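# Notes for the structure review
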Amino acid sequence: MKRLIILFSVFCIIINCSVSGQAKIISGVIKDSHSEEPVPFASILFKNTKIGKLSDSAGSFTFHFDKLPSDTLLVTCVGYQPLLYVIHKFKDSLLANILMERGTFNEDVVIRIKVNKGLLLWRKIIKHKDRNDRYRYQNFSYELYNKLELDIKNLNFDKLSKFKPLRPVGNLIRSNVDTSEGLQYLPTYLTEVLSDYYYQKKPEKFREVIKAANTNGVKNESIVKLLGGMEQNIDVYKNFIPVFDKQFISPISNNGDYYYNYRVTDTQFFNHHKFYHLVFTPRRKGENTFEGDCWVNDSTFAIQKMNLRLGKEANVNFLDKLSLIQEYSLINDSTWFLSKDKFVADISPLGKGKPGFIGRKTTTYKNIILNDSSVIKELSHNKIKEEVVTLPGAGEKSKDFWSSSRHEELSNSEKAIIKMIDTLTNAPVFKRFTKTISFIGTGYLDVGNYQFGPWYNFFTYNGWEGYRMRFDIGTNHHFDKHIWWHGYLAYGFGDRKLKGKAELFYLPKKHPRLYLYGSYTNDLDFGQNYYGEVTSDNIFALAIRKPHVPIKYMNVVEKRFEFFNEQRSGLSTLLAVTHKKFNPLQNIPPKDSFALNNGREALSTFETSLKIRFAYLEKFLENEFFRTSLGSPYPIGELYLSKGFAGVAKSGYNYFKISGSISDYIKIPPYGSFSFNIYAGRTFGTLPYVLLDIAPGNELYYYNTYAFNTMNRYEYIHDKYAGLNLDYNIGNGIFRFINFTRKMKIRQFFTAKTLWGSLSDANRNLNFKQGSTFQSLNGKTYLEIGTGVDNILRVFRLDFVWRLLPRPLPSINSERFGIFGSFRISF
């Protein structure tokens, strides 16, 4: 019995010692809460003790204890808010993802030192830039993996479900989205692109071959191309870094010391190399600068990792937060080459805390080849400087292909997002919801194979027709992939006349573009119609007309055929045949003032025209049939030739016209942007005013970029003319010196528009008849200049425009000064 008691006591002691002596393991990763990137060398200290350590270069840490020193970790790092993390006492092991919120880089602290080590390190980086920038090589190539995710944030699913029309959508989203933690996200888009990228220095060439694309959400080939390496090419070694449509000054710009304060906060060793931790903050508020930090190699002074953020007063619209990270890896003894990009942006168009978007783009680089003949061989296929090629079947790769080809495996949340997007986009209730939102936003409604709208043309009013109703119908891509047709009927209750238009578009080839187009129109002429501008044929024009300006009305009957052909070089030709009849209705000389003999009809023309356009490396955002230009890095030139034939289809006039223009949009960071348009033209022949050059006037208080805003329509006519339009957007300009306007992100701009014109004696005698209000400049100068306030409440622009030359005639009711508003959306 005594032995049994002794054995039992020993067993209890062993068990007790085993339990009480069991090691506790605390491990985790410190991450940035916004970018979800690891935070290297963060300080992790047990609260109220001196026990702690630094996270490693990947943000990881591990503690082993028999007994916890404290139940709370204090985590600190430069640029982040201190964080207290509570540990569960009764768990023997803990694996934690610790997310740190952004703080400041102590930009308001002034430290008096004899030698600024940060500035010395910056100078070393600048001195070695040419040896570290990847574009120093004669050529290189790599495999590129791009991943983009777009989510809707701050959705209140309870409110969504309470609103009866949206209740089915709210319930559907609630059942598919995890709302258990903090912010609520609705995934809308996730795409992956795998490509090979090639670069050559002399002559400079770029080529990208898209091998695979996996799109979940909106499927659009032009978007896939814009997400490739050609368009998203950020280089921190350049003097300027693009952020949306703005150019921000790089912390390692050659003039960086004028814009940034620098300081060295730490020195660390990892992977057998020594690195300096350089922190930078803006010298002044309101400039296009970043705040952030980078790790710099001590021997080559190459960047190993750079973290960039936008300050709270950066002059960018709708942007709540932005993180831009670039990492470089050592590919041989001394060569650091780009290995990873990450771009995370919180976009809040309605304000902080309101529904908005979060975009996350991650790019990784593998299989890097430097100065190799294989790169030159691949680039020899280029027909122009830059080419993006999508291989056949790129969008149809299997899951097995992606599993083996991704540079990094999809996280569990990303896998869930793909499944969720598929569930939502295929749900009938969600389809109806997105269709309704699209109808409100764009004006168009898709019903099966057909499209109705835009709704803002359904109902309007004007002095000739009175109340006007219009109904549009067309086809969409479900009807046919190559053919689009559209038509509308309009009825004026005042003139009791039916008008309309019918058009047919055939697109056999998209890249390069080739199409045929035909149309028939019988309607009023509502003035210049440019993308983004307001014409008279919509409900918004009712309240913004200038008073005391006689409204000119003209009916136009037009038959038109077009053939368009584009080359890969950016050269395009548009051949058109047009038969057009003009019938002046009110406040312009009538048709019988220009009566003709020999069976020819007055104000009727038959012409052929050729438009030649050259836009090198122009980019487009495309849908199934049409496209919107995103501009070109080079000037765009146009040449227009047309010939009128008298007697064909009762046409009354022989003439020849020639005109041309050169335009460009130039970014001049850090001083804003500048655009210009130079144009000129000549008409040979004696013609009525409708066939001469009518200077574009504006009779609305809505600012028109393409018109003379203090000039009325039909005020000046010419057969010889030249003009120049200038627009300079200086950014926040003088407004950055005023606290209120800087915080409101108000911007400043200047405009100038000038025109020279003349009219031959024959055309003057034909058109300047009794009762006519036409004028000609007679070789004199028309000049209007403007300035104003842009970005009011992020979307409004106010223009103050002065007409300096010539003085308007009292009978014309033109203004020497005008205030014009407009609605503009930009970052």
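See the structure shown above.
For the structure given in this document, a descriptive report is provided here. Source: prediction; values computed, not measured. Numbers given for residues are sequential positions, taken from 1 along each chain in its written order. Since the coordinates come from a predicted model, pLDDT governs what is reported: local features require at least 70, and pairs of side-chain atoms require 80 or more to be given and counted, while whole-chain, interface and lining totals use all residues. Each side-chain value is worked out from all heavy atoms of the structure, with water and hydrogens disregarded.

Before going further, it helps to examine the overall build of the protein. Secondary structure assignment for the protein yields 13 helices and 42 strands. Here the protein holds 827 residues, and 46% of them are scored as buried. Any two residues having at least one pair of non-hydrogen atoms within 4.5 Å are treated as being in contact. Residue pairs at least 24 apart in sequence account for 62% of intrachain contacts in the protein once pairs closer than 6 positions are excluded. When the accessible surface of the protein is totalled, it reaches about 41,900 Å², and 58% of it is carbon and sulfur. Secondary structure elements are defined from DSSP: runs of H or I of at least 4 residues count as helices, runs of E of at least 2 residues count as strands, and each element is numbered from the N terminus. Buried residues are those whose accessible area, probed at 1.4 Å on protein chains only, stays under 20% of the maximum for their type, while exposed residues exceed 50% and partly exposed ones sit between those limits. For the accessible areas, the method is Shrake-Rupley and the probe is 1.4 Å, while residue cover comes only from the protein chains on display.

Ring pairs are drawn from Phe, Tyr and Trp, using the six-membered ring of Trp, whenever the two centres fall within 6.5 Å, and their geometry is named by plane angle: stacked under 30 degrees, edge-to-face over 60, tilted for the rest. Within the structure shown, the criterion is met by 52 aromatic pairs. Ring geometry for Tyr258 versus Tyr259: centroids 4.9 Å apart, planes at 90 degrees, classification edge-to-face. When its relative accessible area of 10% is taken as the criterion, Tyr259 is described as buried. Look at Tyr679 and Tyr721: their rings are 6.4 Å apart centre to centre, the planes differ by 45 degrees, and that puts the pair in the tilted class. With Tyr679 in strand β35 (residues 673–684) and Tyr721 in strand β38 (residues 720–731), this pair connects stretches of sequence that are 42 residues apart. Tyr721 shares its class with Tyr679; the two are buried. Following the ring pairs from residue to residue traces out a cluster consisting of Tyr135, Phe140, Tyr142, Tyr197, Tyr199, Phe206, Phe337 and Tyr365. The criterion is that NZ of a Lys, or CZ of an Arg, lies within 6 Å of the ring centre and within 35 degrees of the ring normal, and then a charge sits over that ring. Positioned above the aromatic ring of Tyr258, the side-chain terminus of Arg284 is 4.4 Å from the ring centre. Over the ring of Tyr80 we find Arg309; its NZ or CZ atom is 4.8 Å from the centre of that ring.

As a further point, take helix α2 (residues 117–127). Along α2, the positions that sit buried rather than exposed are Gly118, Leu121, Trp122, Ile125 and Ile126. Viewed along the axis of α2, the buried residues span an arc of 145 degrees, placing them on a single side of the element. What points out from α2, more than 90 degrees from its buried face, is the exposed set Lys117 and Lys127. In this structure, the buried side of α2 is in contact with α3 (129–132), α7 (256–259), β13 (260–270), β14 (273–282), β15 (290–297) and β16 (303–310). We define a polar contact as two N or O atoms separated by no more than 3.5 Å, with the added condition that, inside protein, one atom must be a possible hydrogen donor and the other a possible acceptor, whereas residues neighbouring each other in sequence contribute only through side-chain atom pairs. Structurally, the start of α2 carries an N-cap: the backbone nitrogen of Gly118 is 3.0 Å from a side-chain oxygen of Asn116. Each C-beta atom gives one direction from the helix axis, and the arc is the one those directions make.

We treat two strands as partners when DSSP finds at least two bridges between them. In the sheet, strand β25 (residues 483–492) pairs with strand β26 (residues 497–509) via ten bridges, with the strands oriented antiparallel. In the strand pairing of β26, Gly492 is matched with Lys497. Bridging between β26 and strand β27 (residues 514–524) involves eight bridges; their strand directions are antiparallel. Counterpart to Lys501 in the pairing with β27 is Thr521. Here β26 hands over to β27 after four residues, the two strands then running antiparallel side by side.

Looking now at helix α10 (residues 412–425). Given 3.6 residues per helical turn, the α-helix brings residues three or four places apart onto the same face. Residue count minus one, scaled by 1.5 Å, sets the expected span of a helix. Its 14 residues give α10 an end-to-end C-alpha distance of 20 Å, which sits within 8% of 20 Å, the value for a rise of 1.5 Å per residue. Every buried residue of α10 is accounted for by Glu414, Ile417, Ile418, Met420, Ile421 and Leu424.

A word on the sheet that holds β14. If you walk across this open sheet you meet the eleven strands as β13-β14-β15-β16-β17-β18-β19-β8-β9-β10-β20, and the pairing is mixed. Where the open sheet ends on each side, the last strands, each with one partner, are β13 and β20 (386–390). Each neighbouring strand pair of the sheet contributes to a mean axis angle of 15 degrees, computed without reference to strand direction. Of the strands in this sheet, β13, β14, β15 and β16 touch α2, which is tilted by about 80 degrees from β13. Most of the contacts of α10 go to strand β9 (residues 185–200), to which it runs at about 115 degrees, and overall it touches β8 (139–153), β9 and β10 (205–216). Axis lines are fitted to C-alpha atoms, over the contacting stretch for helices. Their N-to-C directions set the angle, which ranges from 0 to 180 degrees.

A few words on the pairing of β35. Pairing between strand β34 (residues 655–667) and β35: twelve bridges, direction antiparallel. Across the sheet, Lys667 pairs through a bridge with Ser673, a residue of β35. Connecting β34 to the next strand, β35, in antiparallel fashion are five residues, including Gly672 with a positive phi near 100 degrees. Looking at chain direction, β35 and β38 are connected through ten bridges and run antiparallel. Across the sheet, residue Asn677 finds its bridge partner in β38, namely Asn725.

To continue, consider the pattern of salt bridges. Salt bridges, as used here, are contacts in which a Lys or Arg side-chain nitrogen is within 4 Å of a carboxyl oxygen on Asp or Glu. Summed over all chains, the structure comprises 42 salt bridges. Across the pair Lys499 and Glu465 runs a salt bridge, and its minimum N-O distance is 2.6 Å. In this pair, Lys499 sits in strand β26 while Glu465 sits in the loop between β23 (459–462) and β24 (466–475), placing the two residues 34 residues apart along the sequence. Comparing Lys499 with Glu465 shows no difference in burial state: the two are buried. Counted as one network, the salt bridges with shared partners bring together Glu465, Arg468, Asp495, Lys499 and Asp523.

Another point: the environment of Gly487. Following the sequence through the fold, Gly487 ends up in strand β25. On the basis of relative accessibility, which here comes to 13%, the residue Gly487 falls in the buried class. Put simply, Gly487 and Gly500 are 13 residues apart on the chain and 7.2 Å apart in space, counted from C-alpha to C-alpha. For Gly487, the residues in contact, after removing those within four places along its chain, are Phe471, Asp472, Ile473, Lys501 and Ala502.

Residues enter patches when their relative accessible area tops 30% and they take part in no salt bridge; the joining distance is 9 Å for like charges and 5 Å for the nonpolar side chains Val, Leu, Ile, Met, Phe, Trp and Tyr. A cluster of nonpolar side chains, Phe459, Tyr461, Tyr467, Met469, Leu489, Tyr491, Phe493 and Leu498, forms an exposed patch at the surface whose accessible area comes to about 830 Å². Within the residue set of the nonpolar patch, elements represented by two or more residues are β23, β24 and β25. Among the residues examined, Phe459 registers a relative accessible area of 38% and is labelled partly exposed.

Cis geometry is found at the peptide bond from Lys202 to Pro203, where omega equals -20 degrees. Turning to its location among the elements, Pro203 is positioned in the loop between β9 and β10. Cis geometry is found at the peptide bond from Leu805 to Pro806, where omega equals -20 degrees. The phi torsion at Phe301 lies on the positive side, around 55 degrees, for a residue other than glycine. By the element assignment, Phe301 lies in the loop between β15 and β16. On the basis of relative accessibility, which here comes to 12%, the residue Phe301 falls in the buried class.

Within the secondary structure layout, Phe452 lies in strand β22 (residues 450–452). For Phe452 and Gly487, which are 35 residues apart along the polypeptide, the C-alpha to C-alpha distance reads 9.9 Å. With sequence-adjacent residues up to four places away left out, Phe452 is seen in contact with Gly443, Tyr444, Leu445, Val447, Phe471, Asp472 and Ile473.

To continue, consider the nonpolar core. Membership of the largest hydrophobic core comes to 53 residues, with the highest contact counts inside it found for Ile252, Ile303 and Leu310. At six residues, the largest contribution of residues to this core is made by strand β18 (residues 336–347). Apart from residues no more than four positions distant in its own chain, Ile303 is found in contact with Ile125, Tyr237, Ile252, Cys294, Trp295, Val296 and Tyr328. Among the buried residues, those of types Ala, Val, Leu, Ile, Met, Phe, Trp, Tyr and Cys that are joined through side-chain atoms within 4.5 Å form a nonpolar core.

This part takes up the sheet that holds strand β5 (residues 72–76). Spatial ordering of the open sheet is given by β3-β2-β5-β6, a layout of four strands whose pairing is antiparallel. Whereas interior strands pair on both sides, the edge strands pair on one side only; in this sheet they are β3 (52–54) and β6 (83–86). Shown here is a sheet whose adjacent strand axes are inclined to one another by a mean of 20 degrees, direction ignored.

Here we come to the side chain of Asn767. Its location among the elements puts Asn767 in helix α13 (residues 761–767). Among the residues examined, Asn767 registers a relative accessible area of 1% and is labelled buried. Beyond its immediate stretch of four places on either side in the chain, Asn767 contacts Phe594, Leu687, Pro688, Tyr689, Leu692, Ile717, Ser772 and Phe774.

Our next topic: the side chain of Ser659. In this structure, Ser659 sits in strand β34. Not counting chain neighbours up to four residues away, the residues in contact with Ser659 comprise Glu638, Leu639, Tyr640, Ala680, Gly681 and Tyr721.

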